[in-house]
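Working through the structure, step by step
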Amino acid sequence: MQRPLAASLLTPLVLALTLAGCAGTAAPPPKDTRAPTAPAGVTATAGSASTVHVMWNAATDDRAVTGYAVYREGRKVKDLPATTLMTDVFGLAPGTSHRFTVRARDAAGNASPPSATVTATTLRAAAEDRTPPTTPTALRAAPDGSRAATLRWSAARDDTRVTAYDVYQADTRIHTVPGTATTAHVTGLRPGTAYAFTVRARDAAENSSRDSAPADLTTAPVPGAPPNTAPTGLAVTSADRAITVTWTPPDTGAPVTHHELHLDGRFATTIIWGTAPPPGRATYTFPVQDPPGARYTVTLRARLPDGTWGDFSAPRTAVVR
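Report on the accompanying structure.

With respect to the overall build of the protein
- For the protein, the count of helices and strands is one helix and 21 strands.
- Relative to its length of 321 residues, the protein is extended, with a C-alpha radius of gyration of 28 Å against a globular reference of 20 Å.
- Principal axes of the C-alpha set define a box for the protein whose edges measure 110 × 65 × 35 Å.
- By the burial criterion, 40% of the 321 residues in the protein qualify as buried.
- A separation threshold of at least 6 residues defines the contact pool for the protein, and within that pool the share at least 24 residues apart is 64%.
- When the accessible surface of the protein is summed, it comes to about 17400 Å², and 56% of that surface belongs to carbon and sulfur atoms.
- Here the protein contributes 31 positively and 25 negatively charged side chains, and the mean placements of these two sets differ by 5 Å.

In structure tokens:
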């Protein structure tokens, strides 16, 4: 009489385990077949006789946009990540008209419809023009929230005319505006981060001015974030194959005895004062092996009283002399 009882207890148990196993199996996620929206606000501006600057607004997707493709005359000329909303198209012939569109894509490979078509005509080159524009002056940078900034400067002059202004951050061109503009809006920045911008003027023959004096700014931090701890007032000079760096250490409530020096985004050395650090501005000189004309992007950060490393300074470009 015990075996039937055991069987009657086992059967519900097996059934319960079977149902539990079925209930715990997650259904596969539905396949992503919805394409992103087409990018809006597309503009195309000739920057010289051979380049056009294309910009657009971010597209949207039910999951996430992962990139953009730029097309010229219907043929793809650029693939870009989702964080990039502008690009320069190079190698165009002087005085020619071109049509541009932009498409967004997602992780599943779905592509948006093409954006509205925009047209730009490259400038006519002056073959004998070898004179660069003057340097833009009075560059100012103001944060626009935590992820954008507005730049303003005084216009440069040229023997023909200024056709574009190129905005650089850490010695990399990040934006271009027409030669008639003296302001630029830069997006894609990180909250609570120190930046340095410079501007160069350019003419139709691709002659570029020298860099303007840099303009520093620190974007607004996210709510609740600690204050920025970057060294300030960074300046670099070069002579006799050596670079001299001067800066003001951050106010941490205690002497700052260690700084890290980074070149082109890579750790180079730790600057250590064996005794009390110097009051006010600090100075450090180091030799370089590269030939004259080589360029470095220099940044610094300080070791804080708790032993952690603070925020990076705004970058400076050093040219070996």
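Some words on the sheet that holds strand β15 (residues 232-239)
- In space, the three strands of this open sheet follow the order β15-β16-β19, with antiparallel pairing throughout. Single-partner strands in this sheet number two, and they are β15 and β19 (282-287). Neighbour-to-neighbour, the strand axes of the sheet open up by a mean angle of 15°, direction not taken into account.
- Sheet topology note: the β15/strand β16 (residues 242-248) ladder contains six bridges and is antiparallel. Each residue of the ladder has a partner; that of Ala239, found in β16, is Ala242.

A short note on the environment of Thr198
- Tracing the sequence through the fold places Thr198 in strand β13 (residues 194-203).
- Expressed as a C-alpha distance, the spacing of Thr198 and Ala116, which sit 82 residues apart in the sequence, is 32 Å.
- Thr198 has contacts with Leu139, Asp166, Val167, Tyr168, Asp211, Ser212, Ala213 and Pro214, leaving out every residue within four places of it along the chain.

A short note on the sheet that holds strand β5 (residues 86-89)
- Read from one edge to the other, the open sheet built from three strands follows the order β1-β2-β5, with strand pairing classed as antiparallel. Edge positions in the sheet fall to β1 (43-46) and β5, since each of these pairs with one other strand and no more. Going across the sheet, the axis of each strand differs from the next one's by a mean of 20°, ignoring polarity.
- Here β1 runs beside strand β2 (residues 52-55); their pairing, made up of four bridges, is antiparallel. Note that in β2 the partner of Thr43 across the bridge is Met55.

Parameters and conventions
Numbering of residues begins from 1 in every chain and follows the order in which that chain's sequence is written. Where totals are concerned, whole chains, interfaces and linings use all residues; where local detail is concerned, this predicted model gives features only for residues with pLDDT of at least 70, and gives and counts side-chain atom pairs only at 80 or more. Side-chain metrics rest on all non-hydrogen atoms present in the structure, leaving aside hydrogens and water. Each helix is a run of H or I in the DSSP string that is no shorter than four residues. Each strand is a run of E no shorter than two, and both are numbered from the N terminus. The reference for a compact globule is 2.2 Å times residues^0.38; the radius of gyration itself is calculated from the C-alpha atoms. Relative accessibility under 20% of the residue-type maximum defines a buried residue, over 50% an exposed one, and the middle range a partly exposed one, all with a 1.4 Å probe and only protein chains included. Here, residues are in contact when the closest pair of their heavy atoms is within 4.5 Å. Throughout, the Shrake-Rupley method with a 1.4 Å probe supplies accessible areas, and for residues the shown protein chains are the sole cover considered. Charge counting treats Lys and Arg as positive and Asp and Glu as negative, with His and both chain ends excluded. The atoms used to mark charge sites are NZ of Lys, CZ of Arg, CG of Asp and CD of Glu. A pair of strands counts as paired when DSSP detects no fewer than two bridges linking them. Note on definitions: angles span 0 to 180 degrees between N-to-C directions of axes, and those axes are lines fitted to C-alpha atoms, for helices only across the stretch in contact.

Honestly, it's all geometry; don't read function into it.
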